[in-house]
Amino acid sequence: MTTRSANDTATDTTTGGTGAHDTAERTAAAAGIEVRPVAGHVGAQIHGVDLAAGLDAAQVAAVRAAVLRWKVVFFRDQRLDHAGHVAFARLFGEPVVLPRRGKASPAGFPEIETTADRLELGGRFGMEHDEWLRRRRHTLLRGWHCDHGARVDPPAATILRAETVPPYGGDTTWANLAAAYAGLSAPLRAFVDTLRAEHRLGVGYQPRPGDDAYVRHLLDHQTATVHPLVRVHPETGERVLFVNGYYVEQITGLSRPESAAILELLVEQATRPEYTVRFRWEPGSVAFWDNRATIHLAPGDHAHLDQPRTMHRVMLTGEVPVGVDGTPSEPVVGSEAGRW
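Caption draft 1: A look at the overall build of the chain. Counting secondary structure elements, the chain contains 9 helices and 16 strands. Relative to the globule expectation of 20 Å for 340 residues, the C-alpha radius of gyration of the chain, 19 Å, shows essentially globular dimensions. Counting only C-alpha atoms, the chain reaches 60 × 50 × 35 Å along its principal axes. Expressed as a percentage of the 340 residues in the chain, the buried residues total 54%. Taking the contacts inside the chain whose residues are at least 6 apart along the sequence as the reference set, 82% of them involve residues at least 24 apart.

As structure tokens, this is what we get:
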């Protein structure tokens, strides 16, 4: 992928407009695949491609263009196994290899992290998964996040594959952060362009009374970075409202009351329904999203169904974000660019 500098694109506030739309359409037509948008600002379903069979250069270019244009793309009825999942991801970048994975993740495929919902944290910190979610998501906006946003170099993209899903419930929702930025008034855009914020793992978690093993885990694995509040996308040049409800602790240079009010306004802006798309998973579904230009909300409506939901994730290594003024993110603790 070609990376554009912040200085080259500092006045570009588009959200994948006419030029990007035309590019995505042309490359899709040349590759013989169909890209069907499913919401006005974000999300498209791709038809006419078999991910397990491998993609030729034209198909790779078409999928890449669609991801950049629509921020998240969906494939149905795919027959990917673990090896095929990793091979598909490698067509678009270098997979992240996590130093620690959950017990459900497959041996022999260090690039894949498996989430099995109720198995994920059950018993690990003296509480079941439902309690952990309640303590982590105690406000309506808390669950919205990008993957590993507290790192100095969050993943560029994520490819998530569904193996087993409940018969209903369990949908995932994404929001387009470039559209959210463009939707702000001009004076507010000019203001947030100048700001930076600390993103920290575990912000807002509500501890249990007495000893809390999860708090001790967070203290032992501190990860924090000061990111620009508006980052320039390295490929499209779009300005992206780099906020979420899970990692952002405080806007630097502002008082806590000022920071809290502005962050609430910005996260509410980012998650307005018109900037979102919701996806109904089926076995064999694959979602491929730009982690630099979206936040997503994992489902919270299926735990009571007592039905398994097993998903496999591969993330692609990303860049250090750069702000409108060309200043990169700065690590505070717990991460180093290129080292996981």
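Still more ground to cover, so stick around.
Caption draft 2: Structural view of the nonpolar core. Formed by 31 residues in total, the largest nonpolar core has its most connected members in Val192, Leu229, Leu241, Val243, Ile251, Leu266 and Ile295. When contributions to this core are tallied by element, the ones reaching two or more residues are α6 (177-182), β9 (230-232), β10 (239-241), β11 (248-251) and α9 (256-270). With sequence-adjacent residues up to four places away left out, Val192 is seen in contact with Tyr181, Leu184, Leu229, Val230 and Leu266. Ranked by size, the runner-up nonpolar core spans 26 residues in total, among them Ala31, Leu51, Phe75 and Val86.

Caption draft 3: Local environment of the packing of aromatic side chains. Using the criterion set out here, one finds 11 aromatic pairs in the structure. Taken together, the aromatic side chains of Phe74, Trp174, Phe279, Trp281 and Trp289 make up a single cluster linked through ring pairs. One residue, Arg151, lies across the ring of Trp340, its end atom 3.9 Å from the ring centre. Its end group placed over the ring of Phe242, Arg231 keeps NZ or CZ at 5.3 Å from the ring centre.

Caption draft 4: A look at the sheet that holds strand β16 (residues 330-333). Within the open sheet, the 4 strands sit side by side as β11-β7-β8-β16. Their pairing is antiparallel. For this open sheet the edge positions go to β11 and β16, each flanked by a neighbour on one side alone. Pairwise comparison of adjacent strand axes, ignoring direction, gives a mean angle of 25° for this sheet.

Caption draft 5: Summary view of the environment of Glu264. Secondary-structure assignment places Glu264 in helix α9. A residue is classified by how much of its surface remains accessible, and Glu264, at 46% relative accessible area, is partly exposed. Spatially, the C-alpha atom of Glu264 lies 9.7 Å from that of Val243, the residues being 21 residues apart in sequence.

Caption draft 6: Structural view of the sheet that holds strand β4 (residues 113-115). Spatial ordering of the open sheet is given by β1-β2-β3-β13-β5-β15-β4, a layout of 7 strands whose pairing is mixed. If you trace the sheet from one side to the other, it starts and ends with β1 (34-37) and β4, each paired once. Averaged over all neighbouring strand pairs, the angle between strand axes comes to 25°, with direction disregarded. Pairing between strand β5 (residues 157-164) and strand β13 (residues 286-290): 5 bridges, direction antiparallel. Bridging from a neighbouring strand, Arg161 pairs with Val286 of β13. Against the sheet, helix α4 (residues 82-90) contacts β3 (72-75), β5, β13 and β15 (310-316), and its axis sits at roughly 30° relative to β15.

Caption draft 7: Fine view of the pattern of salt bridges. Scanning the entire structure with this criterion turns up 24 salt bridges. Of the charged contacts, one joins Asp50 and Arg79 as a salt bridge, the two residues approaching to 2.9 Å between their closest N and O atoms. Of the two residues, Asp50 sits in the loop between β2 (44-47) and α3 (57-70) while Arg79 sits in the loop between β3 and α4, which places them 29 residues apart along the sequence. Between Arg278 and Asp171 there is a salt bridge whose closest N-O contact spans 2.9 Å. Of this pair, Arg278 sits in strand β12 (residues 276-279) while Asp171 sits in the loop between β5 and β6 (172-176), and the two are 107 residues apart along the sequence. You can call Asp171 buried: its relative accessible area is 13%. Linked through salt bridges whose partners overlap, the residues forming this network are Arg231, Glu235, Asp290, Arg292 and Glu319.

Caption draft 8: Looking closely at the layout of surface pockets. Volume-wise, the second largest pocket comes out at about 430 Å³. What lines the second largest pocket is a set of 18 residues, and nearest its centre among them are Thr139, Arg142, Gly245, Val248 and Leu263. Listing elements by their share of the lining of the second largest pocket, those giving two or more residues are β11 and α9. The biggest single contributor to the lining of the second largest pocket is α9, with 6 residues. The residue inventory of the lining of the second largest pocket, partitioned by class, reads 7 nonpolar, 7 polar and 4 charged.

Caption draft 9: Spotlight on the environment of Tyr246. Mapped onto the elements of the fold, Tyr246 is located in the loop between β10 and β11. Given a relative accessible area of 7%, Tyr246 falls into the buried group. Counting along the chain gives 80 residues from Tyr246 to Pro166, while the straight-line C-alpha distance between them is 25 Å. The contact partners of Tyr246, leaving out residues within four places of it in the chain, are Arg136, Arg142, Trp144, His145, Arg200, Leu201, Val203 and Tyr214.

Cut-off values and rules
- Residues numbered from 1 in each chain as written.
- Predicted model: local features only at pLDDT ≥ 70, side-chain atom pairs only at ≥ 80, totals over all residues.
- Heavy atoms only, no water.
- Helix = DSSP H or I, 4+ residues; strand = E, 2+ residues; numbered from the N terminus.
- Rg over C-alpha atoms; globule rule 2.2 N^0.38 Å.
- Buried < 20%, exposed > 50% of the residue type's maximum accessible area, 1.4 Å probe, protein only.
- Contact = heavy atoms within 4.5 Å.
- Core = buried A, V, L, I, M, F, W, Y, C linked by side-chain atoms within 4.5 Å.
- Phe/Tyr/Trp six-rings, centres within 6.5 Å; stacked < 30°, edge-to-face > 60°.
- Lys NZ or Arg CZ within 6 Å of the ring centre and 35° of its normal.
- Pairing = 2+ DSSP bridges.
- Axes fitted to C-alpha atoms, helices over the stretch in contact; angles between N-to-C directions.
- Salt bridge = Lys/Arg side-chain N within 4 Å of Asp/Glu carboxyl O.
- 1 Å grid on protein atoms, 1.4 Å probe; cavity = no way out; pocket = protein on both sides within 12 Å on 5 of 7 lines; lining within 4 Å.
- Points joined across faces, edges and corners; volume = space filled by probe spheres on them.
- Nonpolar A, V, L, I, M, F, W, Y, C, P; charged D, E, K, R; others polar.

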